[in-house]
Amino acid sequence: MKVILFGATGMVGQGVLRECLLSPEVETILTIGRTLTGQQSPKLQEIAQKDLTNLSAVENQLTGYDACFFCLGISSAGMNELDYTRTTYDLTLSVARTLLKLNPNMTFIYVSGTGTDSTEKGRSMWARVKGRTENYLLRLGFKAAYMFRPGYIQPLDGIKTKTSLYAAIYAVLGPLYPLLKAIAPSYVTTTRQVGRAMIRVALQGAPKTHLENRDINTLA
Ligand SMILES: NC(=O)c1ccc[n+]([C@@H]2O[C@H](COP(=O)([O-])OP(=O)(O)OC[C@H]3O[C@@H](n4cnc5c(N)ncnc54)[C@H](OP(=O)(O)O)[C@@H]3O)[C@@H](O)[C@H]2O)c1
């Protein structure tokens, strides 16, 4: 399987990249982001592109892929709806449209989050915007599209988040992870499990389009 990965420098993306590099079923990984991960592997290619809403200069390198793992995302903390929409909805859909045009048989996997609002009408701004993004991706016409909705993700293997809000949460909850896992296993997952579940879903599909923590853990 040939995979394109967005958000590879982030916490979720680093975990997904790690699992892709380890998986014998992933033959090629192409990362696209504002910066390179700097990792080295014969399976890995990287493109650094300042503005991901315009991929025209690199389109010739984006064909022949089976799956896109879209782990790029931002926290809505302190953002207004317009700015949050620009990165969450506009950027994602611009990338998705380009990839679909170049890879009509692609499976697209998007990381949203638990609590995402499929009705697009709720009170939570981030949940509405992510719900709108999910709904558009599901309608766009990919061979298959899956929405990963993790809740608490425990970073493993030395992986760190770039989002200061999440970093503060991990500083508090990280040491409690064994306890959280013991008392509420359906509400927690790990960077390893997210990556493994993504590869599995891209290869074999999944029984439903929206995958919460417990689905991710089962698939992993
Ligand atoms: N972490 C969690 O516990 C958790 C739980 C549930 C859902 N999620 C969701 O998972 C997604 C990823 O979260 P994360 O924790 O991995 O975040 P993160 O560590 O902050 O990483 C964000 C990634 O997105 C990229 N990015 C952000 N804005 C960009 C832009 N305008 N152009 C290009 N790249 C951009 C960053 O690239 P740069 O390196 O260039 O900044 C980085 O690769 C988010 O949508 C988040 O809501 C996370």
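Below, the structure is looked at part by part. (Residues numbered from 1 in each chain as written. Predicted model: local features only at pLDDT ≥ 70, side-chain atom pairs only at ≥ 80, totals over all residues. Heavy atoms only, no water.)

Now for the nonpolar core. Residues Val 16, Phe 69, Phe 148 and Met 198 are the most contacted members of the largest nonpolar core, which totals 35 residues. A per-element tally of this core places helix H6 (residues 191-204) first, with 6 residues. What Met 198 contacts, discounting residues up to four positions off in sequence, is Val 16, Phe 69, Cys 71, Ile 109, Val 111 and Phe 148. Residues Phe 6, Tyr 65, Tyr 89 and Leu 140 belong to the second largest nonpolar core, which totals 32 residues. (Core = buried A, V, L, I, M, F, W, Y, C linked by side-chain atoms within 4.5 Å. Buried < 20%, exposed > 50% of the residue type's maximum accessible area, 1.4 Å probe, protein only. Helix = DSSP H or I, 4+ residues; strand = E, 2+ residues; numbered from the N terminus. Contact = heavy atoms within 4.5 Å.)

Here we come to the environment of Val 95. Summarising the element assignment, Val 95 is placed in helix H2 (residues 81-102). Note: C-alpha distance between Val 95 and Thr 53 (42 residues apart in sequence) is 6.4 Å. With residues near it in sequence (within four places) discarded, Val 95 still touches Phe 6, Leu 52, Leu 55 and Phe 70.

Taken as a whole and assessed by the stated rule, the structure comprises 10 salt bridges. The closest approach of N and O atoms between Arg 196 and Glu 19, which form a salt bridge, is 3.0 Å. Residue Arg 196 is located in helix H6, and its partner Glu 19 is located in helix H1 (residues 11-22); the two are separated by 177 residues in the primary sequence. (Salt bridge = Lys/Arg side-chain N within 4 Å of Asp/Glu carboxyl O.)

This part covers the packing of aromatic side chains. Counting across every chain of the model gives 6 aromatic pairs. Taken together, the ring pairs in this structure connect Phe 6, Phe 70, Phe 108, Tyr 110 and Phe 142 into an aromatic cluster. (Phe/Tyr/Trp six-rings, centres within 6.5 Å; stacked < 30°, edge-to-face > 60°.)

Turning our eyes to something else, we now look at the site of the ligand. The immediate surroundings of the ligand are formed by 25 residues, with Thr 9, Lys 130, Lys 162, Thr 163 and Tyr 170 found nearest. A distance of 2.8 Å separates an oxygen atom of the ligand from a polar backbone atom of Val 12. Interatomic distance of 2.4 Å between a side-chain N/O atom of Lys 162 and an oxygen atom of the ligand. Relative to its free-state accessible area of 890 Å², the ligand is covered by the protein chains to the extent of 90%. Contributions of two or more residues to the shell around the ligand are made by H1, H2 and helix H4 (164-173). Of the residues contributing to the shell around the ligand, the split by class is 12 nonpolar, 10 polar and 3 charged. (Near = heavy atom within 4 Å. Polar contact = N/O pair within 3.5 Å; in protein donor to acceptor, adjacent residues only side chain to side chain. Areas by Shrake-Rupley, 256 points an atom, 1.4 Å probe, with all protein chains shown as cover. Nonpolar A, V, L, I, M, F, W, Y, C, P; charged D, E, K, R; others polar.)

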